[in-house]
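Report on the structure
Listed below are the residues making up each chain.
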Amino acid sequence: MTLQYNLFPLSEMSMASRFFSLIPSIFTYTTAEGSDIPKLHTSLVTYIRQQELASIIEELIDCNRPHSCIACTGGHGIGKSVLVLQAIRDPSVSATFHRRCWIDCRVLTDTSNFLEILAREMGVPHTEFSPSAREAQLEILVAAIRRLAVVRRVIVLDDLDYLYALDKSFTDAVIKSLSSIDKLVLVLTIIGWTSAPPREIEWFLQLKPLSLEMARYLFQSVYPVPLQRDALDKLLARVRGIPKYIMILADLACRSRLQLKDLVQIVNDPRSNLLGTRTDHDVKSLEESIRAYPPEDRLDHHALYVLRFLASLPGGMSQNQLQTLVGLPVDTFASACKQMSALAYFDSEPGDLLVLSRPLREYATRTSTLDHQTQDIFLKQLIALIEMKGSLRPGTPDFPQTVKQFTEQKINIENILFTFLDVDSPIAVEAALQFLKPRCAVKPSLKLAAKVVEVAEREKMHLLPYALQTEGEARYNSAFLGGAGLLARAEALFSTFEDDASVVGEMECRVLRTESAFRGRKDLNPKEEWKQAAEYARARLSTLNSETGRRGHAHNLLTLARLSEDIKERNLLIADAHTLFKDLEDGYGLILCDFYSATSVQSRVHLAHKFQVFRDFKMAATCYKIAFHSVIGSIIQGSCRSMTPIEYIKVFGIRELILKAITHLPQLLDLLKKAIDLYELLGQNLDVAFCQYHLAQLLPPAEAIDLYSQAIYQFTFSDFTHHRERGTLDQCYSLVEA
């Protein structure tokens, strides 16, 4: 049977693969019956590497001096794999070894993957081996191979550098164990060792670059140019006898029908960056270089992975942070960065920040996919972001610096999400919805929310109603109109499904839509419509038995408690919600119940700290704000009850009275400052404006002016500036003018 077989993995040798396809008379891709080794035609390798090939064959078949482990070393592109491949396909080697196995270490994902492949290649039954415990299983596997070793075998571990990069100690153990098996010869191909090579290696061959004569032969095997000897020699001098580079240039000249003098000019021009010379950051030249010799042919698989991940970060990332996120060892990551830096792939100057050049970023985004490993990194970033959010504590000395770090990481994640939403990636939609969830979002990007809806709608995803709900809620929280229409669409879509999560989503949209109509519009008094929506949701949600349904019902009960003007009814609703949350073991829900029951200033401050632990900054800010108003309200007993007392302190002329009555003014003002910090972090601009107005009235005039001006700006540009906001805005103007 004849099978197609790639000499090199596509990701590593895409240019070489194109080269092979141009010359089918030289290379063939057949698998001989009973062997897993690809067959390579002898005419080319036999001629350019005669002595080296003969040496390897002799060492393999010499029964007087049998070896247990030999190695072939040399730089990248020197031809190690091709040479060893040809050697073990030689008839004399075939006669000596009844089984020949080839393991390409470039395709390995981890050490367990290597053990699985080794067991399969050696014919070890599944019942005798499980690849879960690495070194322990290696010993079991070697014992099984010894029992099966009734014939002579040769195992080739090709590109062993990749296995070393996964786990050095494990790789050394593999070499030691396999070399100890009778009737088995281990053959290694590797660029080299960072320290002394393993003692088990009894013979090794170090490949050197081709001589000028052999380099000419290899080039003209692909693109005959008998009358251009001088130009060819100049060209070959640039590639220093490296077979891989010679084939790439020959292929480029053949496909483009270039005269060699033109190719020499391209290679000699440092701006072309054709062979990886450090250049100025000339975009056009780099684009030409990518087309002629893409990153897949220049970088090892670790560097290629770093390149593709960095391509999703238009703003770049610090080296330390990127190394942590991609999960590579420090030395391996440093090597990857060095490879990309040598090829002028970075736009940034040498330093901590790594930013890919625009052509490289566009190429990588266009040609790579969001694989499972990158998806995992997305999730890790989101988790890390949420955890960092939990460490944000207003009023602490490091709060501004922590917010700055958080904001930088948030921008990077948004850039990643936009990059993959542009190619309609489903996982990016899921990640973006997680990123924009109310208890995760900080200053939610309305542009990102709109992009998620666009992609979900275009791809007809089941997540579309969740995307519409998320954008509607983000617009509402950011004090912009347009959210009600999005929530209405989401409600209609949720109603077409019968699962509990969809029923909860439908009811949440209905209640939030009516709440948005109520916000800041007491002149129209739509509160009754809001309450009716919550009552309807209560009737629907009370019939659900799933955890999702019961949790949604409990949250809706708290909404009804918030709307109730009957204290007895309010307490019963809170008690029912508390029972549900307790049964669900929902700590966050229980804290919400405590919030609606709390009465003292100290209890609200304590709840603010608890909400921050659960990363609900909106409720934490609300606790600080209510605690502040509780103190002021206890002083202004005779104020008009139809309005928040502190909003009109100066109108009543009682500022001095309040300042005299407050014994701990700095601590009181600190509550409102913490609320402002949190509302600003959330992007809830109207809440910031109200707090700034309240705070300014208790500050000296010089400090108050700046806060009044900021509040005026927020009220003026908000879509929700109606009755209450307009009255406060007018007060701000009058107080500034005074």
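Calculation notes
Residues numbered from 1 in each chain as written. Predicted model: local features only at pLDDT ≥ 70, side-chain atom pairs only at ≥ 80, totals over all residues. Heavy atoms only, no water. Axes fitted to C-alpha atoms, helices over the stretch in contact; angles between N-to-C directions. Helix = DSSP H or I, 4+ residues; strand = E, 2+ residues; numbered from the N terminus. Parallel < 35°, antiparallel > 145°, perpendicular 65-115°, else oblique. Left-handed = near helix turned anticlockwise from the far one by under 90°. Contact = heavy atoms within 4.5 Å. Pairing = 2+ DSSP bridges. Buried < 20%, exposed > 50% of the residue type's maximum accessible area, 1.4 Å probe, protein only. Phe/Tyr/Trp six-rings, centres within 6.5 Å; stacked < 30°, edge-to-face > 60°. Lys NZ or Arg CZ within 6 Å of the ring centre and 35° of its normal. Expected span 1.5 Å × (residues − 1). Salt bridge = Lys/Arg side-chain N within 4 Å of Asp/Glu carboxyl O. Core = buried A, V, L, I, M, F, W, Y, C linked by side-chain atoms within 4.5 Å. pLDDT = per-residue confidence, 0-100.

A separate point is the packing of helix α21 (residues 399-421) against helix α22 (residues 426-435). Axis separation between α21 and α22 bottoms out at 9 Å; the angle between their running directions is 150°. Between α21 and α22, the interaxial angle falls into the category roughly antiparallel. Our pair here, α21 against α22, has a crossing hand that is left-handed. Side by side, α21 and α22 meet where Lys 410, Ile 413, Glu 414, Leu 417, Phe 420 and Leu 421 of the first sit next to Ala 428, Val 429, Ala 431, Ala 432 and Phe 435 of the second.

Strand order in the open sheet made by the five strands is β4-β5-β6-β3-β7, with parallel pairing throughout. Pairing within the sheet leaves two strands with one partner each, and these edge strands are β4 (99-104) and β7 (203-206). Each strand of the sheet is rotated relative to its neighbour by a mean of 15°, with strand direction disregarded. Judged from the five bridges that link them, strand β5 (residues 153-158) and strand β6 (residues 184-190) form a sheet pairing that is parallel. Following the sheet pairing, Leu 157 is matched in β6 by Leu 188. Here helix α3 (residues 50-61) sits on the sheet and contacts β3 (69-73), β6 and β7; the angle it forms with β7, its principal contact strand, is near 170°.

Right, let's get into unusual backbone geometry. At Lys 183, a residue that is not glycine, the phi angle is positive and equals roughly 60°. Note on placement: Lys 183 falls in the loop between α9 (168-179) and β6. Judged by relative accessible area, Lys 183 falls into the partly exposed class, the value being 44%. With a phi angle near 55°, Glu 585 is a residue other than glycine that sits in the positive phi range.

Looking now at the pairing of β6. Of all seven residues in β6, seven are buried; the element is thus mostly enclosed. Because side chains alternate across β6, one face comprises the buried residues Leu 184, Leu 186, Leu 188 and Ile 190, and the other comprises Val 185, Val 187 and Thr 189, equally buried. Here five bridges tie β3 to β6, and the two strands are oriented parallel to one another. Its bridge partner being in β6, Ile 70 is matched across the sheet by Val 187.

What follows deals with the packing of aromatic side chains. Under the counting rule described, the total for this entry stands at six aromatic pairs. Pairing Phe 595 with Tyr 596 gives two aromatic rings, centres 5.1 Å apart and planes at 75°, and the pair type is edge-to-face. Given the relative accessible area of 16%, Tyr 596 is considered buried. For the pair Phe 595 and Phe 611, a centre-to-centre distance of 6.3 Å together with 75° between the ring planes defines the contact as edge-to-face. Separated by 16 residues along the polypeptide, Phe 595 in helix α30 (residues 587-597) and Phe 611 in helix α31 (residues 601-613) bring together distant segments of the chain. A connected cluster of aromatic rings, assembled from ring pairs, spans Tyr 588, Phe 595, Tyr 596, Phe 611 and Phe 614. Across from the ring centre of Phe 595, 5.7 Å away, lies the NZ or CZ of Arg 604, which sits over that ring.

In this section: the environment of Ser 177. Within the secondary structure layout, Ser 177 lies in helix α9. Sequence separation of Ser 177 and Glu 200 is 23 residues, and the distance between their C-alpha atoms is 9.6 Å. Setting aside residues no more than four positions away along its own chain, Ser 177 makes contact with Leu 138, Val 142 and Arg 146.

Once that is clear, we can look at helix α36 (residues 685-696). Given a rise of 1.5 Å per residue, 12 residues ought to cover 16 Å, and the 16 Å separating the end C-alpha atoms of α36 matches this to within 8%. Extensive coverage of α36 is indicated by the burial of 11 of its 12 residues. Where α36 is concerned, the buried positions are Leu 686, Asp 687, Val 688, Ala 689, Phe 690, Cys 691, Gln 692, Tyr 693, His 694, Leu 695 and Ala 696.

A complete count under the given rule lists 19 salt bridges for this structure. With a shortest N-O distance of 3.5 Å, Glu 454 and Lys 451 are connected by a salt bridge. Of this pair, Glu 454 and Lys 451 both sit in helix α23 (residues 446-458), separated by three residues, roughly a single helical turn. Residue Glu 454 is classed as partly exposed on the basis of its relative accessible area of 37%. Look at Lys 451 and you get buried, because its relative accessible area is 14%. Because the salt bridges share partners, they merge into one network encompassing Asp 104, Arg 106, Asp 158 and Asp 159.

What follows is about the environment of Asn 412. In this structure, Asn 412 sits in helix α21. For the pair Asn 412 and Leu 313, spaced 99 residues apart in sequence, the C-alpha to C-alpha distance is 6.2 Å. Apart from residues no more than four positions distant in its own chain, Asn 412 is found in contact with Leu 313, Gly 316 and Met 317.

Within β5, six of the six residues are buried, which leaves it mostly tucked inside the rest of the structure. Side-chain alternation along β5 places Arg 153, Ile 155 and Leu 157 on one buried face and Val 154, Val 156 and Asp 158 on a second face that is also buried. Bridge count for β4 against β5 is six bridges, and the pairing is parallel. Paired with Cys 101 across the bridge in β5 is Ile 155.

Attention shifts here to the nonpolar core. In summary, soluble globular proteins display a tendency toward joint burial of nonpolar side chains. Judged by nonpolar contacts, the single largest core of 74 residues is most densely connected at Leu 558 and Phe 611. Top contributing element to this core by residue count: helix α35 (residues 665-682), with 10 residues. When near neighbours in sequence (up to four residues on either side) are disregarded, Leu 558 contacts Ile 574, Ala 577, Phe 581, Leu 592, Cys 593 and Tyr 596. Of all hydrophobic cores here, the second largest spans 56 residues; its members include Leu 299, Leu 304, Leu 325 and Cys 337.

This part covers the confidence of the model for the protein chain. Within the protein chain, residue pLDDT values average 76, and 74% of them lie at 70 or more. With pLDDT under 50 throughout, residues 276-285 is counted as low confidence; its partners more than four residues away or in other chains account for 19 contacts.

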